Amino acid sequence: MNKFPTYNKKLKDWVTKMAKLCQPDEIVWIDGTDAQRFALEKEAVAIGELIQLNSEKLPGCFLYRTAIDDVARTEQLTFICTKKKHDAGPTNNWMPPQAAYRKAKAIFKGAMAGRTMYVIPFSMGPVGSEFSKIGVELTDSLYVVLNMLIMTRVGNPVLRYLEKKDDFTKCLHSKADLDINKRLILHFPEDNTIWSVGSCYGGNVLLGKKCLSLRIASFIARREHWLAEHILIMGIEDPNGHIEYIAAAFPSACGKTNLAMLIPPEGLKRKGYRIWTLGDDIAWMRVDSDGALWAINPESGFFGVAPGTNSHTNLNMVETIKKNAIYTNVLLKPDKTVWWEGADGEVPANGIDWQGRPWKPGMKDRNGKPILGAQPNSRFAAPIVNCPSASFRLEQHHGVPISAIVFGGRRAHLVPLVYETFNWQHGVFAGATMASERTAASVGELGVVRRDPMAMLPFCGYNMAYYFKHWLDMGKRMPKAPKIFHVNWFRTDEKGKFLWPGFKENLRVLEWILDRCNNKVGAFKTPIGYVPYPGDIDMTGLVLPAGALEKLLEVKPDGWIEELKGIKKFFTQFKKDLPFELWEEYENLQKRLKSNG
Ligand code: GTP
Ligand code: SPV
Ligand code: MN
């Protein structure tokens, strides 16, 4: 009897070899059926891996708690393992492949003894689409299996497709001892392979997400002339039924999820906009035969930040996570529902915090700091189809056409609410030089401004200098390239208060962006790009303090001249690999600033 549900020899041989290394007691293939999923959920609850939540208020929902030091992506333990160090570039951690395999093998060896190894065949993108890529993840964690069932397309249709097309990313994961000293997230782009060990947190272990869809995919995309990006995709429908699609790249925890499913603010209701959500984190984009850029979201679920999610900031998400969702590191309430800082309703009188300890509001730690109920990077995974604004084009194999690409980050100062770049090359410069304050999504000091080109600093699977060149080349392949913009929802006043209310109000800025794409409004030319005339942003129903909008749109040449220093320092590390076009843009910007100042 064939104990493998596939005839694919490469797949069978690889699973056999990895099982020999990890020594599981048993191997279980994930077929994507509800029956199997229910059985695995039951098992996860029985062994204490997941907590079943209130089945009336949160049907099909579960809670998971990670290890205390395993709560965010660990960039310092994440490596690109190319033969040549130069191919990983100066912004990635690098290890030579042989040494990396050797080091990880010592940890994987026997790591699944007494456990089951699950084999998860998954597709990023609709099975069979030109865009899509297949992966197979081996894991000893039911949490990973159940999250992958939400986040990707899993099961037998993928295996059938693999019989025809023998090409897949080999993804190996073991939680091993969850020991941070034996934690490694390794990418071997030249072998189409990912090895992750010692973690059981989201981006480190749901290997279809950042590891495959960004780090490995970006490497492949360069070779195949497309783009794999940390980008949300949303559609904006006008009352005539015409829909335009926007792609926006913001670093982790800078507002992609919130923007992708926004609900138009009261003041703009009369205009009858409708928002369609395609994706909140990753886009794969190709030039189609019409010369325009088309995009799909390779994922089928959201893995969103919990804190701050409520009916006011993101009603669509509140609706999305009411069923079939897996929560990670949030507070458990006595009625088996969940809570986090900034959730709807009253602060619960008591509960179990994300570390599994009894919790009450107002508790302080030894240093007098408040003890949080939910970890700041606590998250939920939920199927996109649960979302009231889910696009009807999610399964369309050729994706949607992109009118505008929007870059953005968290900048308390300097960067205006929105500006339009002069052309594709200048737009690539704006993306390559964008920066943001660090958030809780990765381990490290919060608030520090770091350059995060195209929001891809932690996710580019090869030398970023080549990546910039690839972006420049893509512009030449597209007769109908999207316009490129930059936004900043996070500018503050002297007291550190946000000047812009953000969230749903951001639609006012998107409206201006689309008006610019369709040549409907003029704009004010500054050294950094075109900025709106304040009167061109529809402020109906939104009252800001006097002068706030002007402050939000202000471009101060002095500050930008200072910013040039950081840009120069960032560019210099790429040495002669940095495309000359970016130095050209640097010098042009400098000239414009000096003649303006
Ligand atoms: P990843 O999933 O990590 O890639 O993050 P993301 O880019 O999807 O970020 P998300 O939408 O989850 O937002 C992260 C945090 O930013 C949340 O705490 C939000 O409350 C906050 N946020 C989102 N949009 C805005 C905004 O327009 N203004 C302000 N001030 N905060 C925002
Ligand atoms: C991010 O950090 O950008 C995320 C969450 O989207 S994770 O899956 O952990 O990468
Ligand atoms: Mn992300």
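Small disclaimer: the values here were computed from a predicted structure and weren't measured. (Residues numbered from 1 in each chain as written. Chains lettered and ligands numbered in written order. Predicted model: local features only at pLDDT ≥ 70, side-chain atom pairs only at ≥ 80, totals over all residues. Heavy atoms only, no water.)

(A) Looking closely at unusual backbone geometry. Positioned with a positive phi, His225 is a non-glycine residue whose angle comes to about 65°. Structurally, the position occupied by His225 is in the loop between α8 (208–224) and β11 (227–229). Backbone geometry places Asn519, a non-glycine residue, at a positive phi of 55°. Mapped onto the elements, Asn519 comes out in the loop between α13 (507–517) and β29 (524–526). (Helix = DSSP H or I, 4+ residues; strand = E, 2+ residues; numbered from the N terminus.)

(B) Seen up close, the pairing of strand β24 (residues 400–408). Where burial is concerned, most of β24 is hidden: 7 out of the 9 residues are buried. As defined by bridge partners, strand β13 (residues 243–249) adjoins β24 across 5 bridges and the pair is classed as parallel. Directly across from Tyr245, in β24, lies its bridge partner Ile402. Alignment of strand β16 (residues 293–296) against β24, held across 2 bridges, turns out to be antiparallel. Residue pairing in the sheet places Trp294 in a bridge with Pro401 of β24. (Buried < 20%, exposed > 50% of the residue type's maximum accessible area, 1.4 Å probe, protein only. Pairing = 2+ DSSP bridges.)

(C) Representation of the sheet that holds strand β18 (residues 326–328) within the structure. The strand order β2-β3-β18-β23-β17 describes an open sheet built from 5 strands, whose pairing is mixed. The strands lining the two open edges of the sheet, one partner per strand, are β2 (51–52) and β17 (301–305).

(D) The environment of Asn147, seen in detail. Relative to the assigned elements, Asn147 resides in helix α5 (residues 142–151). In contact with Asn147, not counting residues within four places along its chain, are Leu206, Ile326 and Ala381. (Contact = heavy atoms within 4.5 Å.)

(E) Spotlight on the nonpolar core. Ranked by internal contacts, the top residues of the largest apolar core, which has 170 residues, are Trp284, Tyr327, Phe468 and Ile513. Ranked by residue count, the leading element in this core is α5, at 9 residues. Excluding residues within four positions of it along the chain, Phe468 makes contact with Val428, Ala432, Pro453, Met454, Phe570, Phe574, Leu578, Pro579 and Leu582. Among the nonpolar cores identified, the runner-up in size contains 35 residues, and Phe4, Phe79, Ala111 and Trp195 belong to it. (Core = buried A, V, L, I, M, F, W, Y, C linked by side-chain atoms within 4.5 Å.)

(F) Quick look at the site of ligand 1. Looking at ligand 1, there are 20 residues lining it, with Ala253, Lys256, Asn258, Arg379 and Phe503 nearest. A distance of 3.3 Å separates an oxygen atom of ligand 1 from a polar atom in the backbone of Cys254. Between ligand 1 and Arg410 there is a distance of 3.1 Å, counted from an oxygen atom to a side-chain nitrogen or oxygen. Coverage of ligand 1 by the protein chains reaches 90% of its 660 Å² of free accessible surface. Of the residues forming the shell around ligand 1, the biggest block, 3 residues, is contributed by helix α9 (residues 256–260). A class-by-class count of the residues in the shell around ligand 1 yields 9 nonpolar, 7 polar and 4 charged. There are two domains that each give the shell around ligand 1 at least three residues, and those are domain 2 (229–300 + 394–596) and domain 3 (302–383). (Near = heavy atom within 4 Å. Polar contact = N/O pair within 3.5 Å; in protein donor to acceptor, adjacent residues only side chain to side chain. Areas by Shrake-Rupley, 256 points an atom, 1.4 Å probe, with all protein chains shown as cover. Nonpolar A, V, L, I, M, F, W, Y, C, P; charged D, E, K, R; others polar. Domains from an automatic or database assignment.)

(G) Quick look at the site of ligand 2. Looking at ligand 2, the residues that line it are Arg73, Tyr201, Gly203, Lys209, Lys210, His230, Ser252, Asp281, Phe303, Arg379, Ala441 and Phe459. One of the side-chain nitrogen or oxygen atoms of Ser252 is found 2.4 Å away from an oxygen atom of ligand 2. Protein contacts shield 98% of the accessible area of ligand 2, which totals 280 Å² for the unbound molecule. Broken down by class, the residue content of the shell around ligand 2 amounts to 4 nonpolar, 3 polar and 5 charged. Of the residues that make up the shell around ligand 2, three or more belong to each of domain 1 (9–50 + 73–224) and domain 2 (229–300 + 394–596).

(H) Summary view of the packing of helix α11 (residues 424–432) against helix α16 (residues 580–596). The contact between α11 and α16 brings their axes to 9 Å, and the two run at 90°. Judged by the inter-axis angle, α11 sits roughly perpendicular to α16. Here Gln425, His426, Val428, Phe429 and Ala432 of α11 lie close against α16, whose contacting residues are Glu581, Leu582, Glu584, Glu585, Tyr586, Leu589 and Arg592. Considered class by class, the residues forming the contact of α11 with α16 number 6 nonpolar, 2 polar and 4 charged. (Axes fitted to C-alpha atoms, helices over the stretch in contact; angles between N-to-C directions. Parallel < 35°, antiparallel > 145°, perpendicular 65-115°, else oblique.)

(I) Just the pairing of β17, in detail. In terms of residue burial, β17 counts as a mostly covered element, since 4 of its 5 residues are buried. Sheet analysis places β17 next to strand β23 (residues 379–383), joined by 5 bridges and oriented antiparallel. The residue bridging Gly301 from the neighbouring strand is Pro383, located in β23.

(J) Looking closely at the domain arrangement of the chain. Domain annotation for the chain reports domain 1 (9–50 + 73–224), domain 2 (229–300 + 394–596) and domain 3 (302–383). A separation of 32 Å is found between the C-alpha centroids of domain 1 and domain 2. Across the contact, 40 residues belong to domain 1 and 41 residues belong to domain 2. A buried area of about 3,400 Å², summed over both sides, lies between domain 1 and domain 2, and 52% of it is on carbon and sulfur atoms. Between domain 1 and domain 2 we count 5 salt bridges in total. Across the pair Asp281 and Lys209 runs a salt bridge, and its minimum N-O distance is 3.0 Å. Of all the secondary structure elements, the ones that give two or more residues to the side of domain 1 that touches domain 2 are α3 (85–88), β5 (116–124), α5 and α8. Counting residues per element, the side of domain 1 that touches domain 2 draws most heavily on α8, which supplies 12 residues. For the side of domain 1 that touches domain 2, the class distribution of residues is 15 nonpolar, 14 polar and 11 charged. (Buried area = accessible area lost by both parts, 1.4 Å probe. Salt bridge = Lys/Arg side-chain N within 4 Å of Asp/Glu carboxyl O.)

(K) Here's a closer look at helix α2 (residues 34–46). Compared with an ideal rise of 1.5 Å per residue, which puts 13 residues at 18 Å, α2 spans 18 Å between its outermost C-alpha atoms and is within 8% of the ideal. Inspection of α2 places Gln36, Arg37, Leu40, Glu41 and Ala44 among the buried residues, and these make up the whole buried set. Buried residues of α2, viewed axially, fall in a sector of 135°; they line one side. Every exposed residue of α2 that faces more than 90 degrees away from the buried side is listed here: Ala35, Lys42 and Ala46. On its buried face, α2 sits against β1 (26–29), β3 (62–64), β5 and α5. The first or second residue beyond α2 is Gly48, which carries a positive phi of 80°. (Expected span 1.5 Å × (residues − 1). Arc of directions from axis to C-beta.)

(L) Representation of the packing of aromatic side chains. Taken as a whole and assessed by the stated rule, the structure comprises 29 aromatic pairs. Seen from their ring centres, Tyr327 and Phe380 are 6.4 Å apart, and the 75° between their planes marks the pair as edge-to-face. Taken together, the residues Tyr327 in strand β18 and Phe380 in strand β23 connect sequence positions 53 residues apart. With a centroid separation of 6.1 Å and 75° between ring planes, the pair formed by Phe429 and Phe571 is classed as edge-to-face. (Phe/Tyr/Trp six-rings, centres within 6.5 Å; stacked < 30°, edge-to-face > 60°.)

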